[in-house]
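If you want the building blocks of each chain, they are given just below.
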Amino acid sequence: REVVKQEETIGAKPASNTLAVLYFNNKTGLSDLDILRKGLTIVLMTYLSKVKEIQLVEGVKVQALTEELEFGETGIVAAENMPMVGRLLGAAHLVGGDILMQELNQFQLQADLLKVPTKTIFGNAKVQGKLIDDFFLMEKSLLLYVIGKKSYNLKIFIKKTHHFL
């Protein structure tokens, strides 16, 4: 708790390739989709862990910190707390976002990329689709955005390769 109180004075500078993935917020109003908060985060972390250029902060550390900061079981971190969480985790970058409902059976996954040292959002990805049918395509789109790659026809890319990474 003392470290949390003094988080602004933490002097260790994180490596520029460190990244922490926070739980996504379920803003659909559908409690059945709460499982996606952790699920989407775990899937993203699984793929990000395969990217050699990224030093991923362990999910256990993220969970422990959010519980210590009393964000509750959900692990949801408000936007104003993200820089503090990033500094405490020793991450140079954070990814977190929202699961939104656009209309019946149409959903949007939105991810913000935060540069922790400057407290600035340097990217915002939004992908849409049907959650059951398109969930993994939506997740892959977010993943590609996070790692800085672009695929203009992701469905064809996935169908041709039958795998990712």
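First things first, this report covers the structure right here in the doc.

Reading guide: rules and limits
- Residues numbered from 1 in each chain as written.
- Predicted model: local features only at pLDDT ≥ 70, side-chain atom pairs only at ≥ 80, totals over all residues.
- Heavy atoms only, no water.
- Helix = DSSP H or I, 4+ residues; strand = E, 2+ residues; numbered from the N terminus.
- Pairing = 2+ DSSP bridges.
- Buried < 20%, exposed > 50% of the residue type's maximum accessible area, 1.4 Å probe, protein only.

## Things to note about unusual backbone geometry
Its identity as a non-glycine residue notwithstanding, N105 has a phi of 65°, on the positive side. For N105, the location among the structural elements is in the loop between β4 (93-103) and β5 (106-115). The phi dihedral of K119 is positive, around 60°, even though this residue is not glycine.

## Re the pairing of strand β6 (residues 120-129)
A regular strand places its side chains on the two faces of the sheet in alternate fashion. For β5 and β6, the ladder comprises nine bridges, and the chain directions are antiparallel. Following the sheet pairing, Q108 is matched in β6 by Q128. Joining the antiparallel neighbours β5 and β6 is a turn of four residues, in which K119 adopts a positive phi near 60°.

## Points about the pairing of β5
Most of β5 sits out of view: eight of its 10 residues are buried. Two successive antiparallel strands, β4 and β5, enclose a turn made up of two residues, where N105 displays a positive phi of approximately 65°.

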